[in-house]
Amino acid sequence: MDMPVNQKAPLNGVLRRGQYTEEQLAALHRRMSAAALRRRRIKTSVLVALNVVVALFILFPLLYAVSVSLMTGSELFTMDMNLIPSAPTLENYLRAWAQVPLLRFILNSFLVAGCITLGQILTCSLAAFAFSFLNFKGKNVLFMLVMATMMVPGEATIISNYLTVSQLGILDTYLVLILPSLTSAMGIFLFRQFYMTFPISLYESAKLDGCGNLRFIVRILLPLTKSAIGAMSVYTFINAWNMYMWPLLVTGSQEMRTVQIGISMLDNTDAQSITLMMAGVVSVIIPSMIIFVVGQKQLIRGMFSGAVKG
Amino acid sequence: MNQLRQRLAEVSPYCYLIPCFAVFGMFLFYPFFKTIYLSLFLTDKLGKAKIFVGLKNYSDLLTSESFYNSILVTLIFVVIVVFGSMLLGLATAVLCSKTFPGIRAFSTAYALPMAIASSGAAMIFKVILNPTIGVFNKLTGLDINWISDPRYALICVAVLTAWLNSGINFLYFSAGLGNIDESIYERASVDGASGVQKFFRLTLPGLSPIIFYTLVVNIIQAFQSFGQVKILTQGGPGESTNLIVYSIYRDAFFNYKFGSAAAQSVILFLIIMALTLVMFKVEKKGVKY
Amino acid sequence: MAEIVLKNISKIYDKGQRAVSDFSLHIHDGEFIVFVGPSGCGKSTTLRMIAGLEEISEGELWIGDELCNYAEPGERDLSMVFQNYALYPQMSVYDNMAFSLSVRKVPKDQIARRVDKAAEMLDIKHLLNRRPGQLSGGQKQRVAIGSAIMREPRAFLMDEPLSNLDAKLRAHMRVELAALHQKLGATMIYVTHDQTEAMTLADRIVVMKEGRIQQVASPAELYSRPTNLFVAGFIGSPAMNFVRGTVEEGEQNIVFRSRNGLCLPLTFDQAAGLWPRCKGREVVLGIRPEDILPTQAVNRVLGRMDGRLTACEGLGHETILHLETADGEFAARVKERTGARAGDAASLWVDMEKAHFFDGETEQNLFYQWSDCE
């Protein structure tokens with residue numbers, strides 16, 4: 001198979017049709033598809049590598065906290081670079097839980113966050129129902145009012161709220177932790193957006209069948225809103241769990257402390273205490289992280305289905 | 001009987017609004033006005049308004065160096081936080097825009113900071129930034145006492161806050177990226193645009209509505225940062241991290257000057273309102289399609 | 001402009017499923033060629049392979065004598081119009097059209113001139129400052145086409161560009177596209193599922209089914225000489241009527257006898273071609289609605305069908321009669337105003353000369369086979 005020199009395939013792979021041999025073509029195909037495969041693999045690997053680096057960077061504080069919480073105090077206090085404990089121990093956790101009533105704190109936070117979540121779901125869905133299915137005077141004005149509350153920063157009200165509750169004498173109770181957070185403008189907005197996607201005929205046909213409003217809400221509406229409720233629950237629970245300023249102001253006794261305040265009791269730069277402190281922090285972060293990871297899909301779907309706007 | 005029924009029907013919609021407006025009324029509307037009211041008084045230790053001083057609290061603030069320091073510090077803080085967290089959120093969202101093996105795990109990781117409490121995160125950062133045994137100094141070989149150095153304390157608190165906010169920004173930007181129609185990228189490929197050109201001429205403009213929304217949310221949130229300051233620096237060293245929120249807290253609960261604290265709250269509220277209005281005006285002029 | 005040659009192109013996905021198999025086609029310079037077929041037949045995938053948006057698993061793609069299998073979409077010098085127009089939402093119409101040139105750093109004055117020319121041609125000059133969000137469907141379509149014209153590419157690729165428009169607008173745009181092709185003389189590769197668009201626009205039509213080419217021919221040829229049952233049934237509206245049966249010796253001549261007793265005489269040529277070749281085999285007879293006559297016409301070999309009318313669709317210039325017989329329902333297209341009404345018993349006459357015959361098993365046309373030869 002003699003090939004004249006001037007008919008050799010050019011290196012960049014651009015062949016002229018009719019001026020090639022079968023072998024040249026096959027060889028070119030092999031070479032180019034291998035190159036394309038290689039390029040794709042490299043692209044993916046680079047992407048993955050970049051992601052690994054960035055993810056490590058973002059997760060670093062958490063990973064470091066876990067690592068320190070598993071170290072002994074003496075191991076921490078060296079000049080060497082030690083990121084990973086050489087002999088991981090759960091000793092810090094045991095001591096942290098013993099030194100500070102963490103169990104009580106966690107129970108408190110669970111109770112408070114749970115009640116807040118339930119309360120918000122109730123008040124927000126009722127309000128959203130009224131805003132989307134019913135017609136009444138001043139509906140738009142009232143809704144604008146609700147939305148306006150999102151613009152008011154916490155600082156504008158926190159002092160007065162403190163004074164109010166202290167005058168009511170309910171400081172240092174579960175009630176004072178739960179009450180102010182029993183509703184949220186964002187929740188109302190979320191539920192309303194969701195309800196607006198239902199056809200009005202859903203409500204009208206129920207009314208024609210003689211179904212009262214409350215029954216409609218409980219029997220028909222709520223079961224259909226599962227995903228919005230799921231999303232809101234995750235978001236509200238995590239935020240309630242992470243509350244810091246309000247519990248700091250209104251609770252003082254050990255029994256009533258929530259987790260975030262509670263672990264700050266471990267705040268100490270003393271050698272032994274740092275590992276203890278990290279153990280406490282990790283213990284408190286874990287529930288919120290678990291709820292987040294589990295409810296992540298729900299949360300994202302609920303918050304961003306059509307709610308993203310400019 | 002019918003009249004009663006009719007009355008009931010007219011009134012019943014409002015009944016569904018009672019629970020939420022009760023809470024709003026008691027813990028949002030009332031205290032909002034009460035704050036304004038308090039700001040016009042000097043108070044006793046229990047917070048009862050005692051002496052009417054009109055706008056004196058405000059004039060005192062506006063002539064106090066400490067207050068201007070707070071405002072300056074807060075503005076610098078907000079700029080660093082918003083810039084940093086949005087950049088980080090954008091970067092992570094872009095990294096997760098095309099699928100690859102394991103993308104689910106990475107998405108979870110990037111969004112995770114939103115589940116972390118500011119106080120817990122602050123305690124972790126305290127250890128990381130510890131001058132002697134903190135891993136940061138060990139890694140970089142520097143020997144700076146970060147949190148106790150008035151030059152760097154604010155940056156530390158800002159970085160911490162940026163990290164905390166990057167999670168929610170990742171979610172916003174991911175949603176924004178997902179809203180961009182795939183086919184315009186295909187068309188751009190056929191038109192001959194490079195990856196870089198596609199990013200700057202298609203992706204970023206496509207994100208502009210969500211960028212604006214995220215900016216507003218981030219700014220409002222940055223102004224309300226408290227836990228980190230309380231745990232890391234308590235407003236110091238030397239007032240270099242005395243953000244307005246912390247200053248309000250200190251004035252009210254350590255100095256018992258509720259009136260002055262209330263006045264600061266009002267000023268802070270006005271600043272945020274002004275910023276938001278300016279941004280809406282700018283948005284109206286810009287993004288329009 | 002350039003010739004485009006596809007040789008044995010295939011698209012195979014990871015799990016081994018073939019979206020396109022062994023697609024070979026020689027597209028001439030300046031030709032308007034249409035890929036048509038039902039959903040999922042691979043026509044869009046083939047177009048995207050030509051554009052470079054999908055990888056070619058097997059075979060070669062030659063554009064203007066250059067092998068383009070591995071060239072980036074932007075290097076192939078093609079323009080594409082998408083089904084949903086794919087207009088850049090944040091850019092004005094002017095910038096949308098200018099985009100493909102501005103990414104190649106073409107000087108601004110040249111861009112301005114070309115945008116002006118294209119906008120003039122498509123009558124969208126008054127829209128240049130608007131955003132896509134402010135345009136109607138038809139206007140968006142014209143902007144998309146205008147953007148494609150800008151680069152004066154070697155060929156235009158169009159992926160169902162009219163599918164999202166309403167019927168009237170679609171008919172109007174069809175005419176405009178045909179006029180544009182005349183004016184530009186450009187090679188156009190057009191994908192659609194609508195056989196009417198294919199028939200009216202194409203120089204040649206490629207009929208596809210399940211990833212394979214069924215037939216490539218001009219609209220007239222496709223209509224009168226379909227190579228198999230699928231093409232025969234796909235092209236033409238209302239669709240061709242089919243009856244299954246056998247070819248037998250009748251009393252005086254060879255006849256086609258259906259399963260349920262319909263007996264149709266064959267012409268001399270048909271008889272010669274089918275008997276004794278198809279003795280004992282199942283044969284499918286196909287007849288187009290316009291070849292079923294309401295009255296006995298002289299000088300024609302006619303077959304008689306009896307049955308009951310289930311519907312009479314009066315379209316004004318013609319009527320479509322639906323006749324229910326023992327062998328199923330037949331659609332007939334008649335020009336005359338008949339007094340017939342639904343429910344009446346009726347007899348219709350099949351113009352046997354126009355009948356098509358397909359093998360019952362292989363579904364191939366027994367008198368004509370299209371072959372894929374270059």
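How each quantity is defined
- Residues numbered from 1 in each chain as written.
- Chains lettered and ligands numbered in written order.
- Predicted model: local features only at pLDDT ≥ 70, side-chain atom pairs only at ≥ 80, totals over all residues.
- Heavy atoms only, no water.
- Helix = DSSP H or I, 4+ residues; strand = E, 2+ residues; numbered from the N terminus.
- Buried < 20%, exposed > 50% of the residue type's maximum accessible area, 1.4 Å probe, protein only.
- Contact = heavy atoms within 4.5 Å.
- Areas by Shrake-Rupley, 256 points an atom, 1.4 Å probe, with all protein chains shown as cover.
- Lys, Arg positive; Asp, Glu negative; His and termini not counted.
- Charge placed at Lys NZ, Arg CZ, Asp CG, Glu CD.
- Pairing = 2+ DSSP bridges.
- Patch = residues over 30% accessible without salt bridge, like charges linked within 9 Å, V, L, I, M, F, W, Y side chains within 5 Å.
- Salt bridge = Lys/Arg side-chain N within 4 Å of Asp/Glu carboxyl O.
- Buried area = accessible area lost by both parts, 1.4 Å probe.
- 1 Å grid on protein atoms, 1.4 Å probe; cavity = no way out; pocket = protein on both sides within 12 Å on 5 of 7 lines; lining within 4 Å.
- Points joined across faces, edges and corners; volume = space filled by probe spheres on them.
- Nonpolar A, V, L, I, M, F, W, Y, C, P; charged D, E, K, R; others polar.
- Polar contact = N/O pair within 3.5 Å; in protein donor to acceptor, adjacent residues only side chain to side chain.
- Domains from an automatic or database assignment.
- Axes fitted to C-alpha atoms, helices over the stretch in contact; angles between N-to-C directions.
- Parallel < 35°, antiparallel > 145°, perpendicular 65-115°, else oblique.
- Left-handed = near helix turned anticlockwise from the far one by under 90°.
- Arc of directions from axis to C-beta.
- Phe/Tyr/Trp six-rings, centres within 6.5 Å; stacked < 30°, edge-to-face > 60°.
- Lys NZ or Arg CZ within 6 Å of the ring centre and 35° of its normal.

### Structural notes on the overall build of chain A
Looking only at helices and strands, chain A features 14 helices and 0 strands. In chain A, which comprises 310 residues, the proportion classed as buried is 51%. Counting contacts in chain A only where the partners sit at least 6 residues apart, residues at least 24 apart contribute 70% of the total. Entry remark: accessible area of chain A is about 15300 Å², with carbon and sulfur atoms responsible for 65%.

### Quick look at the overall build of chain B
Check the secondary structure of chain B and you find 12 helices and 2 strands. Seen through its C-alpha atoms, chain B measures out along the principal axes to roughly 80 × 75 × 35 Å. The proportion of buried residues among the 289 residues of chain B is 57%. Across chain B, the fraction of contacts at a sequence separation of at least 24, relative to all contacts at a separation of at least 6, is 65%. Accessible surface, chain B: about 12900 Å² in total, of which carbon and sulfur atoms supply 67%. Positive and negative charge centroids in chain B, built from 22 and 13 side chains respectively, lie 6 Å apart.

### Section: the sheet that holds strand β15 (residues 292-293) of chain C
Residue and element names in this part refer to chain C. With antiparallel pairing, 5 strands are arranged side by side in an open sheet as β15-β19-β16-β17-β18. In this open sheet, the two strands that pair with only one neighbour each are β15 and β18 (328-334). One ladder, built from 7 bridges, connects strand β17 (residues 319-325) with β18; its direction is antiparallel. Bridging across to β18, E324 finds its partner in E329.

### Here's the deal with a nonpolar patch on the surface
Side chains of I42, V46 and L50 of chain A sit close together on the surface and give an oily, nonpolar patch of about 270 Å² of accessible area. With respect to the helices and strands, the residue L50 of chain A is situated in helix α1 (residues 22-69).

### Brief notes about the interface of chain B and chain C
Each partner contributes residues to the interface: chain B has 18 residues there, and chain C has 26 residues. Between chain B and chain C the total buried area reaches about 2000 Å² when both faces are included, carbon and sulfur atoms providing 56% of it. Put simply, chain B and chain C have 2 salt bridges between them. With its nearest N and O atoms 2.6 Å apart, the salt bridge here joins R48 of chain C to E186 of chain B.

### Notes on empty space enclosed by the protein
The tally for this structure, following the rule as stated, stands at 1 cavity of 30 Å³ or more. Taken as a whole, the largest cavity spans an internal volume of roughly 60 Å³. When residues of the lining of the largest cavity are traced back to their parent elements, those giving at least two are α8 (182-191) of chain B together with β6 (78-81) and α4 (137-149) of chain C. Grouping the amino acids of the lining of the largest cavity by side-chain chemistry returns 6 nonpolar, 2 polar and 2 charged.

### As for unusual backbone geometry
All names here are of chain C. Here the bond from S237 into P238 is cis, since omega is 0°, no more than 30 degrees from zero. Here P238 shows up in the loop between α8 (229-234) and β11 (241-249). A cis amide bond links W275 to the next residue, P276, at an omega of 5°. Of note, P276 is situated in the loop between α9 (268-274) and β14 (282-287). At N8, a residue that is not glycine, the phi angle is positive and equals roughly 50°.

### Quick notes on the interface of chain A and chain B
Opposite the 91 residues of chain A that make contact, chain B presents 88 residues. Both sides of the chain A and chain B interface together cover about 7900 Å² of buried area, and 79% of this is carbon and sulfur. The interface formed by chain A and chain B includes 0 salt bridges. Inspection of the chain A/chain B interface yields 14 residue pairs in polar contact (both at pLDDT 80 or more). A total of 15 residues in the side of chain A that touches chain B trace back to one element, the largest contributor, which is α1 of chain A.

### Some points on the domain arrangement of chain A
Parsing chain A into structural domains produces domain 1 (3-60) and domain 2 (98-304). A C-alpha centroid distance of 54 Å is found between domain 1 of chain A and domain 2 of chain A.

### Topic: the sheet that holds strand β3 (residues 32-36) of chain C
Residues and elements named next belong to chain C. Ordered by their spatial adjacency, 6 strands build an open sheet running β6-β7-β8-β3-β9-β10, and the pairing between neighbours is mixed. Two strands in the sheet have a free side with no partner beyond their single neighbour: β6 and β10 (212-217). For this sheet, the mean angle separating the axes of adjacent strands, direction not counted, is 15°. The pairing of β3 with strand β8 (residues 187-192) spans 5 bridges and is classified as parallel. For V34, the partnering residue across the bridge sits in β8 and is Y190. Sheet strands in contact with α4 are β6 and β7 (155-159), and its direction is about 175° off that of β6.

### Quick look at the packing of helix α3 (residues 65-95) of chain B against helix α9 (residues 195-223) of chain B
The axes of two packed helices give the description: the angle between them and the distance between them. All names here are of chain B. As a packed pair, α3 and α9 sit with axes 10 Å apart at the nearest point and diverge in direction by 140°. The angle between α3 and α9 falls in the class oblique. The handedness of the crossing between α3 and α9 is right-handed. When α3 is examined against α9, the residues T74, L75, F77, V78, V81, V82, S85, M86, L90 and V94 are found in contact with a partner set consisting of F199, L204, L207, I211, T214, L215, N218, I219, A222 and F223. Of the residues assigned to the contact of α3 with α9, the class counts are 16 nonpolar, 4 polar and no charged.

### Topic: the domain arrangement of chain B
Size of an interface: often given as the accessible area lost when the parts come together. All names here are of chain B. Domain annotation of chain B identifies domain 1 (2-38) and domain 2 (56-286). Summing the contributions of domain 1 and of domain 2, the shared interface buries around 380 Å²; its carbon and sulfur component is 81%. When residues of domain 1 are sorted by the area they lose upon contact with domain 2, F32, T35 and L38 head the list and together hold 83% of the total. The interface formed by domain 1 and domain 2 includes 0 salt bridges. At the surface where domain 1 touches domain 2, the tally comes to 0 residue pairs in polar contact (both at pLDDT 80 or more).

### Topic: the environment of D372 of chain C
Along the chain, the position of D372 of chain C falls in the segment after β20 (356-359). It is 7.9 Å that separates the C-alpha atoms of D372 of chain C and V216 of chain C, two residues lying 156 residues apart in sequence.

### Quick word on helix α3 (residues 91-99) of chain A
All names here are of chain A. Inspection of α3 places N92, Y93 and A96 among the buried residues, and these make up the whole buried set. In a view along the axis of α3, the buried residues occupy a sector of 100°, so they form one face of it. In α3, the exposed positions angled more than 90 degrees off the buried face are occupied by L94 and A98.

### Here's the deal with the packing of aromatic side chains
Inspection of every chain in the model, using the stated rule, returns 49 aromatic pairs over all chains. Here F133 of chain A and F216 of chain A contribute two aromatic rings whose centre-to-centre distance is 5.6 Å and whose plane-to-plane angle is 80°, an arrangement assigned as edge-to-face. Of this pair, F133 of chain A sits in helix α4 (residues 102-133) while F216 of chain A sits in helix α10 (residues 213-224), and the two are 83 residues apart along the sequence. The pair F133 of chain A / F216 of chain A is uniform in exposure class, with both members buried. Through a chain of ring-to-ring contacts, the aromatic side chains of F129, F133, F191, F194, Y195, F198, Y203 and F216 of chain A together with Y16 of chain B assemble into a single cluster. One residue, R288 of chain C, lies across the ring of Y223 of chain C, its end atom 3.9 Å from the ring centre.

### Focus: the environment of Q17 of chain C
Residue and element names in this part refer to chain C. Along the chain, Q17 turns up in the loop between β1 (4-12) and β2 (18-27). Overall, the relative accessible area of 49% leaves Q17 in the partly exposed class. Excluding residues that lie within four positions of it along the chain, Q17 makes contacts with K11 and I12.

### Describing the pairing of β20 of chain C
Residues and elements named next belong to chain C. Residues H356 and F358 line one face of β20 and the alternating positions F357 and D359 line the opposite face, and both faces are buried. Pairing of β14 with β20 involves 4 bridges; the strand directions are antiparallel. The residue of β20 that forms the bridge with G286 is H356.

### What to know about the pattern of salt bridges
Side chains carrying opposite charge are able to pair once their charged atoms draw close together. All names here are of chain C. Overall, the coordinates contain 29 salt bridges over all chains when judged by the stated rule. The partner of D77 in a salt bridge is R151, and the shortest N-O contact between them spans 3.8 Å. Placement of D77 in the loop between β5 (66-67) and β6 and of R151 in the loop between α4 and β7 is noted, with a sequence separation of 74 residues between them. Here D77 falls in the partly exposed class, since its relative accessible area comes to 29%. Here R114 makes a salt bridge to E152, at a shortest N to O gap of 3.9 Å. Highlighted residues: R114 in helix α3 (residues 108-122) and E152 in the loop between α4 and β7, separated in sequence by 38 residues. With relative accessibility at 22%, the residue R114 sits in the partly exposed group.

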